[in-house]
Amino acid sequence: MKKVIKRISLIVLLLVVILSIAFFFWARSAYEPTKEALAYMEKSNENELTFGSTDAEKGIIFYQGGKVEEEAYAYLAHQLAEKGYFVVIPRLTLNLAILDGDEATSIIDRYSTIDNWYIGGHSLGGAVASSFAMEHPDRIQGLFFLAAYPIEDMSNLEMPTLTIYGEDDGVATLSDQKEKESLLSSQAVIHVIEGGNHANYGMYGEQKGDNPGSLTSEQQIDETVQTISTWIETSQK
């Protein structure tokens with residue numbers, strides 16, 4: 001009997017090791033930034049990418065989409081910085097926000113001169129950002145989603161939220177997004193980008209399962225930035 005239990009334990013251990021290795025290589029095959037995205041890089045270190053000045057009154061923390069390298073959102077962050085915000089994109093383990101969902105805490109602590117912080121993200125990053133915002137409502141002034149929705153029901157909260165959908169999104173489809181609107185806070189704002197798809201919130205090329213969309217990534221990001229900026233300036237916690 002002991003031999004049987006030992007054999008089963010070894011088999012289970014072997015399966016765990018195989019699955020762990022498979023997961024690691026799956027996560028490592030990330031979507032890389034285009035040359036256009038890299039042209040908008042500002043400051044970077046082992047912890048994060050930063051854009052704009054720390055003298056800004058408002059900061060934005062952005063979590064990337066799953067398996068998308070953070071540099072792919074350099075143009076988005078650069079354009080937000082041009083609007084006067086200090087923007088931080090943390091370097092997340094294996095490019096998966098779900099593995100480092102509390103990273104925003106250290107960012108807020110590190111840049112303590114900024115009093116007003118907003119957090120958001122793309123796809124998986126947006127869902128994880130919602131978890132942080134709900135756990136730390138005293139540290140966040142607002143939450144925004146790009147092709148994403150809350151990880152939990154937040155309809156009983158008054159936190160300002162912004163949800164941006166792409167009309168032609170093939171990954172987080174418009175119909176799926178609308179089904180999740182009941183999870184949004186009582187102060188939810190929704191914006192639909194006509195001709196927008198899933199991948200064009202960043203600059204990393206085509207994404208598996210997505211639709212082409214009729215906008216360039218630059219056009220979709222510009223509309224996204226303007227929408228976020230207007231929402232921040234008109235929302236109040």
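Keep in mind that what you see is a predicted model, and the values were worked out from it rather than measured.

The rules we used
Residues numbered from 1 in each chain as written. Predicted model: local features only at pLDDT ≥ 70, side-chain atom pairs only at ≥ 80, totals over all residues. Heavy atoms only, no water. Pairing = 2+ DSSP bridges. Helix = DSSP H or I, 4+ residues; strand = E, 2+ residues; numbered from the N terminus. Contact = heavy atoms within 4.5 Å. Axes fitted to C-alpha atoms, helices over the stretch in contact; angles between N-to-C directions. Phe/Tyr/Trp six-rings, centres within 6.5 Å; stacked < 30°, edge-to-face > 60°. Buried < 20%, exposed > 50% of the residue type's maximum accessible area, 1.4 Å probe, protein only. Salt bridge = Lys/Arg side-chain N within 4 Å of Asp/Glu carboxyl O.

(A) The arrangement of the sheet that holds strand β6 (residues 142-146) in detail. Across the sheet, eight strands lie side by side as β1-β2-β4-β3-β5-β6-β7-β8; this open sheet has mixed pairing. On the outer flanks of this sheet lie β1 (43-44) and β8 (187-193), each paired with one strand and no other. Pairing of β1 with strand β2 (residues 48-51) involves two bridges; the strand directions are antiparallel. Opposite S44, over in β2, you have L49 as the bridge partner. Across the sheet, helix α5 (residues 124-135) touches β3 (58-63), β5 (116-122) and β6, and the angle it forms with β5 is around 145°. Contacting β3, β5, β6, β7 (160-166) and β8, helix α7 (residues 217-234) runs over the sheet at an angle of about 165° to β7.

(B) Inspection of the packing of aromatic side chains at higher detail. In this structure the tally under the stated criterion is eight aromatic pairs. Seen from their ring centres, F86 and Y111 are 4.9 Å apart, and the 65° between their planes marks the pair as edge-to-face. A residue pair is termed long-range when its members are at least 10 positions apart, and F86 in strand β4 (residues 86-90) and Y111 in the loop between α4 (103-110) and β5 qualify at 25 residues. For Y111, a relative accessible area of 15% gives the class buried.

(C) A look at the pattern of salt bridges. Scanning all chains against the criterion turns up six salt bridges. Of the charged contacts, one joins E233 and K58 as a salt bridge, the two residues approaching to 3.1 Å between their closest N and O atoms. Remark: K58 occurs in strand β3 and E233 occurs in helix α7; sequence separation between them is 175 residues. Judged by its relative accessible area of 47%, E233 falls in the partly exposed class. Here R139 makes a salt bridge to D109, at a shortest N to O gap of 2.7 Å. Remark: D109 occurs in helix α4 and R139 occurs in the loop between α5 and β6; sequence separation between them is 30 residues. Judged by relative accessible area, R139 falls into the partly exposed class, the value being 25%. When salt bridges that share partners are traced, they join E70, E71 and R91 into one network.

(D) Representation of the side chain of S235 in the model. Relative to the assigned elements, S235 resides in the segment after α7. Residues contacting S235, with those up to four places away along its chain left out, are Y118 and P160.

(E) How the structure looks around the pairing of β5. Within β5, six of the seven residues are buried, leaving the element largely enclosed by the surrounding structure. Alignment of β3 against β5, held across six bridges, turns out to be parallel. From the neighbouring strand, Y63 faces β5, where its bridge partner is G121. For β5 and β6, the ladder comprises five bridges, and the chain directions are parallel. In the sheet register, G121 faces β6, and the bridge partner there is F145.

(F) Spotlight on unusual backbone geometry. Here the phi dihedral of K67 falls at roughly 65°; this positive angle occurs in a residue that is not glycine. For K67, the location among the structural elements is in the loop between β3 and α3 (74-82). Phi at A147 takes a positive value of approximately 55°, unusual for a residue other than glycine. Residue classification places A147 among the buried residues on the basis of a relative accessible area of 4%.

Taken by themselves, the reported measurements are silent on function.
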